[in-house]
Amino acid sequence: MEPVEKIIRNDRFCFETVGMELIEITPGAATVKMQIKPTHLNGLGRVQGGAIFALADLALAAAANSHGYTAVSINANISYFKGVSDGFLIARANEESLNSRLGTYTVRVTDHSDQLVALMQATVYRKQETLTELLETRE
């Protein structure tokens, strides 16, 4: 397993608690899926904004770390466009720009009909530590 996939799959909250599924990681991009369950719904019967944000954030983390260096979010803004109560959500993160210290990303969250549910724009700080080095310190 690649270091980025190993790091991302260590996110027990997203995978075990929320039930997300990692679909794909490529350099500068990632796709994550979440089947909507009753536990994801807010009091109005729609997917809670925090669940949507967590899905977008996991896709962001996978895309930002895909180059093999530790990257952490320093700013993330999300806009919600549509309420959803069933089916599944897909978050697709794409790198917009990258330099030695910063990366910017757009994450589109769509529903099972491919309609836009939310849009996240985020900036990450890229550390000099590689994911391999990080994994070695954990073993």
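For the structure itself, consult the block above.
Criteria and thresholds
Residues numbered from 1 in each chain as written. Predicted model: local features only at pLDDT ≥ 70, side-chain atom pairs only at ≥ 80, totals over all residues. Heavy atoms only, no water. Helix = DSSP H or I, 4+ residues; strand = E, 2+ residues; numbered from the N terminus. Buried < 20%, exposed > 50% of the residue type's maximum accessible area, 1.4 Å probe, protein only. Polar contact = N/O pair within 3.5 Å; in protein donor to acceptor, adjacent residues only side chain to side chain. Contact = heavy atoms within 4.5 Å.

### What about unusual backbone geometry?
Alright, step 1. We note that Asp114 has phi near 65°; this positive angle belongs to a residue other than glycine.
Alright, step 2. With respect to the helices, strands and loops of the structure, Asp114 is situated in the loop between β5 (102-111) and β6 (116-130).
Alright, step 3. A residue is classified by how much of its surface remains accessible, and Asp114, at 53% relative accessible area, is exposed.

### Points about the side chain of Asn65
Alright, step 1. In this fold, Asn65 is placed in the loop between α3 (49-64) and β3 (69-80).
Alright, step 2. Exposure remark for Asn65: the relative accessible area of 6% places this residue in the buried category.
Alright, step 3. One polar contact links the side chain of Asn65 to the main-chain amide nitrogen of Ala71, over a distance of 2.8 Å.
Alright, step 4. Discounting residues that sit within four places of it in the chain, Asn65 has contacts with Val4, Thr70, Ala71 and Leu131.

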